[in-house]
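Examination of the molecular architecture
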Amino acid sequence: MDIFQLQGYAYFGLVAFMVVILYSYIYHLYSSEKKGIKDFEKYGNMALKDEITDTPVEKISKDEKN
Amino acid sequence: MENRPLEYDYTVAKMFMLTTVLLGAVGMLIGVILATELAFPGVNTILGGLGLNEFTNFSRLRPLHTDAVVFGFTLSGIWATWYYVGQRVLKVSMAESKVLMFLGKLHFFLYLLVVVAVVGSLFLGITTSKEYAEFEWPIDIAVVLVWVLWGLGIFGLIGIRRERSLYISVWYYIASFLGIAMLYLFNNMEIPTMLAASPAGETGIGAWYHSISMYSGTNDALVQWWYGHNAVAFGFTVPIVAMIYYFLPKESGQAVYSYKLSLLSFWGLMFVYLWAGGHHLLFSTVPDWMQTMGSVFSVVLILPSWGSAINMLLTMKGEWQQVATSPLIKFMVLGSTFYMFSTLEGPIQAIKSVNAIAHFTDWIVGHVHDGVLGWVGFMIMAALFHMAPRVFKKEIYSKSLMGTQFWIQTLGIVLYFTSMWIAGITQGMMWRAHDEYGNLAYSFIDTVTALHPYYTIRAVGGALYLIGFFMFAYNIYKTMTSGRRVEESELQNASPMAA
């Protein structure tokens, strides 16, 4: 196998790998929402309720800060 | 001590709003002068009688135009919005940290110094001659300091935030910060000539401030276009996406259509964009596989770009009447549409067979401008319009002026890109045309003559956009000085504006 063939297989392999990663991420986003692990859409409210007096969408706890 | 309720502090945001407007006006004015020079070459030497030819010719002014728009108008816009959006989505005020406030002000004043140095040196013709990286090494060092100050500001604010998760816009601002830090450092690796020695043994060559790139030949071209294209990515795309993800939902009162899609588009954009720069070097001396990779990744880039743009258009779902009633929403919706348009046009130009015609022609210039005028310019102006009533606590001075500005500028952009399409394709076809023996059918000057009308139309288009920009500047100035005072309750979503 010469270098050009090797490059070809490596290129195809990389693209296939990236496609798997991409679809896994999409699956992760939707499945974790469906299983109730995380609601991603609530984060959209961070832009709408952004007064300093508004309650944070997810408050940072005191323990985390220390 | 006075016990006042905590408020967001927009001091630094206001400072950068000022430079956004000023440097935008300067950059665009020079752009119109350049367009006029291309259509009417006599303008190049218009001040010849005063012995000032060197300051008015195209080659001296061109880097001032690009750098004023990229590093003046756009960067100031990015920072004005960061110092506004950052506080709000992290729910923390700059007033809560004296250190962050000091760093923010230092960031602004050091940036101002750099602007003066850049304008002065470029006007005097002091340049490294690398496109969009013309600054000599002392200025580069100052730029790095400015950048570090911004980084400290971002991560400092994140460090004291009340909101646990980072809103999608903050991710985009961080990406912009990291991306440009990496690009700028690597492309500006340079050696001051005073440290070099010639083969004959001479030392201390050239002026103390002069430098040459550390790379040479094809390597230099590769690094340059990896930088050049990604400067578009992390200067003109990523931070502007950051803006629209905040300002469109906030102004329309609609949460982003799909937060999941925004995350997916973010990672897609981050991964794909960095590999696309090779498309600037098609049919050159760089390895063939690299050129192919540049083309392929450019086409793939449509997906994450459209992911964000469609997400923004869908955010308006059920609220499309706002596009008709609010000129501010018009700017953002058309901005997003221009983003879709130019991120489709770019990949088309990156296809090798299309590039064989498009390369080095005015079509490329047209592409850049429908992106920058339609997407970057519209979004930054919309952001400032949205911010003005909130930072000055005043109603926007005139809605009708804003509406008129929108239509004048839209017409300007349409004239700009259509004339450049025709000019570019005409140019590409004429350069390639040959007779049955392979002799070229046209000489270069034939193309120049054929393009004259389109260059004139482009100058008119640019002038219309500039007029619109002055209307914008006036509207912001009047808002600041004589707008009606507004109450907090009026600032929830749609910006208050007088008829």
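Going along each chain's sequence as written, the residues are numbered from 1 onward. To label them, take the chains in the order written and letter them from A, then take the ligands in the order written and number them from 1. With the structure being a predicted model, the display of local features is reserved for residues of pLDDT at least 70 and the display and counting of side-chain atom pairs for 80 or more, all residues being used for whole-chain, interface and lining totals.

**Looking at the overall build of chain A**
To keep things clear, this is the line we draw: Every helix listed is a DSSP run of H or I at least four residues long, and every strand listed is a run of E at least two residues long, numbered separately from the N terminus. With the radius of gyration taken over C-alpha atoms, the globule rule is written as 2.2 Å times the number of residues to the power 0.38. Here the C-beta atoms are placed from the backbone, and a residue counts as buried if at least 20 other C-beta atoms lie within 10 Å of its own, exposed if 12 or fewer do, and partly exposed otherwise.
For chain A, the helix and strand inventory stands at 3 helices and 0 strands. Element order for chain A, N to C, with α for helix and β for strand: α-α-α. Taking 11 Å as the expected radius of gyration for a compact globule of 66 residues, we find that chain A reaches 21 Å, considerably beyond that expectation. Expressed as lengths along the three principal axes of its C-alpha atoms, the size of chain A is roughly 65 × 30 × 25 Å. Out of the 66 residues in chain A, the part that is buried amounts to 9%.

**Here's the deal with the overall build of chain B**
The test is simple: We call two residues in contact when the distance between their C-beta atoms, placed using the backbone, is within 7 Å.
When helices and strands are tallied, chain B shows 16 helices and 2 strands. Against the 2.2 N^0.38 benchmark of 23 Å for 499 residues, chain B shows a C-alpha radius of gyration of 23 Å, consistent with a compact globule. When the backbone C-alpha atoms are referred to their principal axes, chain B occupies close to 80 × 55 × 55 Å. The burial tally for chain B puts 49% of its 499 residues in the buried class. Taking as baseline every contact in chain B between residues at least 6 positions apart, the subset at least 24 positions apart corresponds to 81%.

**Digging into the interface of chain A and chain B**
The test is simple: Each residue is assigned to one of three groups, with Ala, Val, Leu, Ile, Met, Phe, Trp, Tyr, Cys and Pro labelled nonpolar, Asp, Glu, Lys and Arg labelled charged, and all others, Gly among them, labelled polar.
Contact residues are listed per partner, giving 19 residues for chain A and 25 residues for chain B. Put simply, the parts of the chain that give the side of chain A that touches chain B at least two residues each are helix H1 (3–34) and helix H2 (45–48) of chain A. A breakdown of the residues in the side of chain A that touches chain B according to their chemical character gives 12 nonpolar, 3 polar and 4 charged.

**Observations regarding helix H5 (residues 137–159) of chain B**
Residues spaced three or four apart along an α-helix face the same direction, because each turn holds 3.6 residues. Residue and element names in this part refer to chain B. Our working rule: Each helix should span, by expectation, one fewer than its residue count multiplied by 1.5 Å.
For H5, which comprises 23 residues, the first-to-last C-alpha distance of 32 Å matches the rise-based estimate of 33 Å (1.5 Å per residue) to within 8%. Within H5, the full set of buried residues consists of Ile139, Asp140, Val143, Val146, Trp150, Gly153, Ile154 and Leu157. The inward-facing, buried residues of H5 contact helix H3 (58–90), helix H4 (98–123) and helix H6 (168–187).

**A few points about the confidence of the model for chain A**
The condition that has to hold: Confidence scores per residue from the predictor, reported as pLDDT, run from 0 to 100.
Model confidence for chain A is summarised by a mean pLDDT of 87, while 92% of its residues fall at 70 or above. For chain A, the element scoring lowest by mean pLDDT is helix H3 (residues 62–65) of chain A, at 56; H2 of chain A scores highest, at 94.

**Regarding the nonpolar core**
All names here are of chain B. Here is the rule: For this entry, the nonpolar core is defined as buried Ala, Val, Leu, Ile, Met, Phe, Trp, Tyr and Cys residues connected by C-beta atoms within 7 Å.
Ranked by internal contacts, the top residues of the largest apolar core, which has 141 residues, are Ala13, Ile244, Met379, Ala382 and Leu384. Among the elements that line this core, the one with the most residues is helix H7 (residues 217–252), at 20 residues. Not counting residues within four places of it along the chain, the set of residues in contact with Met379 comprises Ile240, Met243, Ile244, Met332 and Gly335.

**Focus: the confidence of the model for chain B**
Caution applies to low-pLDDT regions: their predicted coordinates should not be interpreted in detail. For chain B, mean pLDDT is 95; residues scoring 70 or higher make up 99% of the total. With pTM at 0.94, the complex prediction returns an ipTM value of 0.85.

**Re H1 of chain A**
Residues and elements named next belong to chain A. Over its 32 residues, H1 runs 46 Å from end to end, which matches the ideal 46 Å to within 8%, given 1.5 Å per residue. Counting buried residues in H1 gives 0 out of 32 residues, a small share hidden from the surface. Following H1 by one or two positions, Gly36 adopts a phi angle in the positive range, close to 80°.

**Description of unusual backbone geometry**
Excluding glycine, residues mostly carry a negative phi; peptide bonds, for their part, are mostly trans. Residues and elements named next belong to chain B. Its identity is not glycine, yet Lys91 carries a phi of approximately 55°, on the positive side. Of note, Lys91 is situated in the loop between H3 and H4. Located in the positive-phi region is Ser129, a residue other than glycine, with phi close to 70°. Examined against the element boundaries, Ser129 turns out to sit in the loop between H4 and H5.

**Thoughts on the environment of Leu328 of chain B**
Turning to its location among the elements, Leu328 of chain B is positioned in helix H12 (residues 327–350). Through-space distance from the C-alpha of Leu328 of chain B to that of Met381 of chain B is 9.0 Å; in sequence the pair is 53 residues apart.

**What about the environment of Leu314 of chain B?**
The residue Leu314 of chain B is located in helix H10 (residues 302–315) in this model. Residue Leu314 of chain B is classed as partly exposed on the basis of its 14 C-beta neighbours within 10 Å.

**Notes on the packing of H3 of chain B against helix H14 (residues 362–392) of chain B**
All names here are of chain B. Which entries qualify depends on this criterion: Lines are fitted to the C-alpha atoms to define the axes, a helix being fitted only along its stretch in contact, and any angle between axes, read from their N-to-C directions, falls within 0 to 180 degrees. Here is the rule for handedness: rotate from the far helix to the near one, and if that takes an anticlockwise turn smaller than a right angle the crossing is left-handed, while a clockwise turn gives right-handed.
Two elements in contact, H3 and H14, have axes whose closest approach is 10 Å; the angle formed by their N-to-C orientations is 40°. For the pair H3 and H14, the sense of crossing is left-handed. Of H14, the residues touching H3 (which contributes Val69, Thr74, Gly77, Ala80, Thr81 and Tyr84) are Val372, Val376, Ile380, Ala383, Leu384 and Met387. Partitioned by chemical class, the residues of the contact of H3 with H14 number 9 nonpolar, 3 polar and no charged.

**Describing the packing of H14 of chain B against helix H16 (residues 444–482) of chain B**
Residues and elements named next belong to chain B. Note the cut-off: Note on angle classes: values under 35 degrees are labelled roughly parallel, values over 145 roughly antiparallel, values of 65 to 115 roughly perpendicular, and the remainder oblique.
At a minimum axis separation of 10 Å, H14 and H16 run at an interaxial angle of 10°. One finds that H14 runs roughly parallel with respect to H16. Taking contact as the criterion, the partners of Leu373, Met381, Leu384, Ala388 and Phe392 in H14 are, on H16, Tyr465, Phe472, Ile476, Thr479 and Met480. Within the contact of H14 with H16, the residues separate by chemical class into 9 nonpolar, 1 polar and no charged.

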